[in-house]
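As a plain string of letters, each chain reads:
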Amino acid sequence: MVQASDKAAHGQSRPSGHTWRMSYDADIVIVGGGLNGPALALALAGGGLTSVIIDARAVAPRAEAGFDGRAYALAIASKRLLQGIGVWAGIADKVQPILKITASDGLSGQGPAPFFLTFDHAEMEEGPMGFMAEDRFLYRALMDAVQRTPGTTALFGDGVVAQEITTQGASVTLASGKTVTGRVLIGCDGRGSGVASRAGIARQGWGYGQTALVTAVHHASPHGGTAHQFFMPSGPLAILPLAGGHHSSIVWSEDATAAAAIQGLTDTDYLHALRPRFGDFLGEIALAGDRFTYPLSLSLAERFVMPRLALVGDAAHGVHPIAGQGLNLGLRDVGALAQVLVEAARRGEDIGAIDVLDRYQRWRRFDNTAMALGMDAVNKLFSNDNPILRAGRDLGLGVVNAVPGLRRGFMRQAAGLTGELPRLLAGRAI
Amino acid sequence: MTHTSTIDPAEVAKFEAMAAEWWNPNGKFKPLHMLNPCRLDYINTQIAAEFDRDLSQAKPFDGLRILDIGCGGGLLSEPMARLGAQIVGADAAARNIPVAQLHADQAGLIIDYRHTTAEDLVSAGEQFDVVLNMEVVEHVADPLTFLTTCQALLKPNGMMICSTLNRNAKSFAMAIVGAEWVMRWLPKGTHDWAKFITPEELYSLLRQAGLEPVDRKGMVFNPLGWSWSLSSRDLSCNYVTTSIKPNAAQK
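Residues numbered from 1 in each chain as written. Chains lettered and ligands numbered in written order. Predicted model: local features only at pLDDT ≥ 70, side-chain atom pairs only at ≥ 80, totals over all residues.

Asker: What should I look at first to understand the overall build of chain A in this one?
Answerer: When you go through chain A residue by residue, the secondary structure sums to 11 helices and 21 strands. Among the 430 residues that make up chain A, the fraction classed as buried is 47%. Across chain A, the fraction of contacts at a sequence separation of at least 24, relative to all contacts at a separation of at least 6, is 74%. (Helix = DSSP H or I, 4+ residues; strand = E, 2+ residues; numbered from the N terminus. Buried ≥ 20, exposed ≤ 12 C-beta atoms within 10 Å, placed from the backbone. Contact = placed C-beta atoms within 7 Å.)

Here is the structure:
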């Protein structure tokens, strides 16, 4: 809370050194308690900055969920960040290493085409290509770390109804009437970011007319740690290996109308629609998780920062969830923003000043925009039934596969190891 | 205020005219805001090394008394206060003081800003662990007298950090033609190139002033990254030095 009790009596002639003090509930107010918010709070705590995480939702249902199939493909760089902020140990025995990725072009009703683009972890120095982590385990590990880390406070079950940015600080008012103040306000509140809209930051969006159907399947044959991405005419189908060997997470994209129809089917008919797309290479399949749908769209905030305000993850850039890059990009934002803020604080700078926050925007904006547009282009190229494009794609994929250097470049990109890495993502202390 | 002063009155007038713009990172003092992280990195590293402080801790400069001479709007004083130092910001331009004080008050920082000169601080018997003497010496009428006065303000084993501009064709092109005429970052006439000082000249002046120079680094602008960085080799334009006041008892 702002304490300005003795501020009134000052004129030009006041004694030198006399001052009034302003104090804050925490250095940083984070709105959004999903995955990026808690990760940011932990990264900041590692650099000595305190934070309060606010979310309208309660922690319990998500952390205590049963198996529902929701999972993320964590890049190596993301794993390093989670290690650096003390979260990895909490999920290390619950993740599935991704040892191999195949990408292939699929014909309607005919399964994958013969040219497979294969990425094998044996070609990478860093070990597995990535790790599949279930949402409930990752979320629980993050919240456990927040609970035991001094300087991080979680205020859940109470949403933000108003925010105010002043020259020296930021404050948010919650539904309960409580006020929380800090030097910087960070929006980790997703593509519908209230922090961004209350600040008047406009967004640009592109819809695809596509919807992702997300679920999990049990398959008779073990997946062997291999992830598959089939580019079908209607959209990509990703099969991502989950811990245990016989479960995989499915991200199945269809045009919006078809997806709505599929989502409306009974489990039996849903599985019947999935089978020809999935193929039979893992033996008999059965539904093993809840069924979710996510409309696919791209959403970029016109700017990521303002004085005393920054946006992180989907609040800044919502991307198409191909290859699980949404969370990986978000964790890169987390690493970059935490590093910028901690460095500024150690230098004695005002951490909410626009020239400080601009460093984060310059660092992340190009990367995120390139990734968003890149995935958009990949998706448009592959979601097309034009026979000439198909021939080119098959050949193109085959060529990439035949040139190890090119393939390693793709792999390192997908593993999040290219570009200027924030220290936490490079496995170093902040 | 009347006093014997090394400040050239024409120089003070030029900075007074710019005082209100101090805290706008995209205003007239943009080059100084851009340079600030680089010179803070240098200052903090030198102070931490000399006084054995850990920069990863909160308020590492707790207990150190620091003078920011020519403090302007407080671009260096505020970071020093955040790092825990007991800071005096002195400026010969009266108009800078209320601007700086107001800004520090709003930020909740305790800073002792004074409209005074180095000479008057000596007369008042003030002593400091560190004197920050940044981008000032090229504006004074008599650099040796000024540096000797700053030396007198240091406690034994105290540290002075002094930055200025080298005098050569490149610094003329960068600071006068580039920053003042082409980019219009600074008002024309901000700098008088003839007053720029080479590193060798500055080292000589520092020694004559009774200080022992121990380190110097260049501050180099990278137009691609649009930022400044420290360089051990390139002191061709902006550069910064550290000197120590020898303990008289050891002499």
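Asker: Just checking my understanding: could you explain the overall build of chain B for this structure?
Answerer: The number of helices and strands found in chain B is eight helices and eight strands. Counting only residues that meet the buried cut, chain B has 46% of its 251 residues in that class. Taking the intrachain contacts of chain B between residues at least 6 apart in sequence as the baseline, contacts between residues at least 24 apart amount to 68%.

Asker: Any chance you could explain the sheet that holds strand β8 (residues 238–244) of chain B here in plain terms?
Answerer: To summarise the sheet geometry, strands pair through backbone hydrogen bonds and adopt either a parallel or an antiparallel arrangement. Residues and elements named next belong to chain B. If you walk across this open sheet you meet the eight strands as β3-β2-β1-β4-β5-β8-β6-β7, and the pairing is mixed. Of all strands in the sheet, those with a lone pairing partner are β3 (112–115) and β7 (227–231), marking the two edges. Shown here is a sheet whose adjacent strand axes are inclined to one another by a mean of 20°, direction ignored. For strand β6 (residues 212–222) and β8, the ladder comprises seven bridges, and the chain directions are antiparallel. Directly across from P213, in β8, lies its bridge partner S243. Against the sheet, helix α8 (residues 199–208) touches β5 (154–165), β6 and β8, its axis set at about 150° to β6. (Pairing = 2+ DSSP bridges. Axes fitted to C-alpha atoms, helices over the stretch in contact; angles between N-to-C directions.)

Asker: Which parts of the structure should I look at to understand helix α4 (residues 135–148) of chain A?
Answerer: Counted at 1.5 Å a residue, the expected span for α4 of chain A with its 14 residues is 20 Å, and the 20 Å between its end C-alpha atoms agrees. Next to the buried residues of α4 of chain A lie α1 (36–46), β2 (51–55), α2 (60–63), β3 (71–75), β7 (130–134) and β8 (152–156) of chain A. (Expected span 1.5 Å × (residues − 1).)

Asker: Got a minute to help me understand the packing of helix α6 (residues 143–152) of chain B against α8 of chain B in this structure?
Answerer: Angle between the axes and distance between the axes are the two parameters that describe a pair of packed helices. Residues and elements named next belong to chain B. Here α6 crosses α8 at 50°, and the two axes come no closer than 9 Å. Overall, the two elements α6 and α8 adopt an arrangement that is oblique. Relative to α8, α6 is oriented so that their crossing is right-handed. In contact with P143, L144 and L147 of α6, α8 contributes L205, L206 and Q208. In terms of residue class, the contact of α6 with α8 is built from five nonpolar, one polar and no charged. (Parallel < 35°, antiparallel > 145°, perpendicular 65-115°, else oblique. Left-handed = near helix turned anticlockwise from the far one by under 90°. Nonpolar A, V, L, I, M, F, W, Y, C, P; charged D, E, K, R; others polar.)

Asker: Teacher, can you tell me more about the sheet that holds strand β4 (residues 96–98) of chain A here?
Answerer: Residues and elements named next belong to chain A. Taken together, the three strands give an open sheet; going across it, the order is β3-β7-β4, and neighbouring strands pair in antiparallel fashion. Looking at which strands have only one partner, the edges of the open sheet turn out to be β3 and β4. Recorded for the sheet is a direction-independent mean angle of 30° between the axes of neighbouring strands. The sheet contact formed by β3 and β7 spans five bridges and is antiparallel. The residue bridging A73 from the neighbouring strand is M132, located in β7. Along the sheet, helix α3 (residues 76–84) contacts β3 and β7; its crossing angle with β3, the most-contacted strand, is approximately 95°. Packing against the sheet, α4 makes contact with β3 and β7, and its axis sits at approximately 85° to β7.

Asker: Help me understand the packing of α1 of chain A against α4 of chain A, please; the structure alone is not making it clear to me.
Answerer: Residue and element names in this part refer to chain A. Running from amino to carboxyl end, α1 crosses α4 at an angle of 35°, the nearest separation of the two axes being 9 Å. Both α1 and α4 take part in a crossing whose hand is left-handed. Of the residues in α4, those touching α1 at P38, A39, A41 and L42 are L142, M143, A145 and V146. Class assignment for the residues of the contact of α1 with α4 results in eight nonpolar, no polar and no charged.

Asker: Honestly, the interface of chain B and chain A in this entry has me stumped. Any pointers?
Answerer: Where the parts come together, the accessible area they lose is often given as the size of the interface. Listed as interface residues are 23 residues of chain B and, on the opposing side, 18 residues of chain A. Listed by contribution, the elements that provide at least two residues to the side of chain B that touches chain A are α2 (30–51), α3 (77–82), α4 (96–106) and β3 of chain B. At five residues, α2 of chain B tops the list of elements feeding residues into the side of chain B that touches chain A. Here the side of chain B that touches chain A is composed, by residue class, of 13 nonpolar, five polar and five charged.

Asker: In this structure, what is going on with the environment of M129 of chain A? I would like to understand it.
Answerer: By the element assignment, M129 of chain A lies in the loop between β6 (111–120) and β7. Note: C-alpha distance between M129 of chain A and L74 of chain A (55 residues apart in sequence) is 8.8 Å.

Asker: Just to check I follow, could you spell out unusual backbone geometry for this structure?
Answerer: With the exception of glycine, most residues fall at negative phi, and the peptide bonds are largely trans. Phi is positive for K59 of chain B, close to 50°, though the residue is something other than glycine. Checked against the element boundaries, K59 of chain B lands in the loop between α2 and β1 (65–69).

Asker: Looking at this structure, I do not really get the confidence of the model for chain B. What am I missing?
Answerer: Per-residue confidence for chain B averages 87 on the pLDDT scale, and 87% of its residues sit at or above 70. For this predicted complex, the interface score ipTM comes out at 0.85, while the overall pTM is 0.84. (pLDDT = per-residue confidence, 0-100.)

Asker: How should the nonpolar core be read in this particular structure?
Answerer: One recurring pattern in soluble globular proteins is that nonpolar side chains are buried together. In terms of nonpolar packing, the biggest core is built from 109 residues, with V29, I30, L40 and A310 of chain A touching the most fellow members. Examining the composition of this core, we find that 11 residues originate from one element, helix α8 (residues 325–347) of chain A, more than from any other. In contact with V29 of chain A, not counting residues within four places along its chain, are V52, I54, A170, V172, V180, G182, L185 and I186 of chain A. Within the second largest apolar cluster, 59 residues are counted, among which are Y42, A81, V88 and I97 of chain B. (Core = buried A, V, L, I, M, F, W, Y, C linked by C-beta atoms within 7 Å.)

Asker: Teacher, can you tell me more about the pairing of strand β4 (residues 128–134) of chain B here?
Answerer: A regular strand carries its side chains on alternate faces of the sheet. All names here are of chain B. Most of β4 sits inside the fold, with seven of its seven residues counted as buried. Where β1 lies against β4, three bridges are found, and the strand directions are parallel. Bridge pairing links I66 to V130 in β4. Where β4 and β5 come together, six bridges link them in parallel fashion. Following the sheet pairing, F128 is matched in β5 by L154.

Asker: How should the pairing of strand β11 (residues 179–182) of chain A be read in this particular structure?
Answerer: For strand β10 (residues 170–174) of chain A and β11 of chain A, the ladder comprises four bridges, and the chain directions are antiparallel. Considered in β11 of chain A, the bridge of V172 of chain A is made with V180 of chain A.

Asker: Is there a simple way to think about the environment of N24 of chain B in this case?
Answerer: Within the secondary structure, N24 of chain B sits in the loop between α1 (9–16) and α2. A sequence separation of 79 residues divides N24 of chain B from H103 of chain B, and the C-alpha atoms of the two residues are 12 Å apart.

Asker: What should I look at first to understand the environment of F278 of chain A in this one?
Answerer: Residues and elements named next belong to chain A. Take F278: it is sitting in helix α7 (residues 267–278). Put simply, F278 and I239 are 39 residues apart on the chain and 8.2 Å apart in space, counted from C-alpha to C-alpha. Setting aside chain neighbours within four positions, we find F278 in contact with I239 and I285.

Asker: How do you make sense of the confidence of the model for chain A when you look at a structure like this?
Answerer: Note that predicted coordinates carrying low pLDDT should not be read in detail. Residues and elements named next belong to chain A. With 76% of its residues at a pLDDT of 70 or more, chain A has an overall mean of 81. Below pLDDT 50 for its whole length, residues 1–21 participates in 22 contacts with residues either more than four positions away or in separate chains. Between residues 384–402, whose pLDDT stays under 50, and residues either more than four places distant or in other chains, the model counts 24 contacts.

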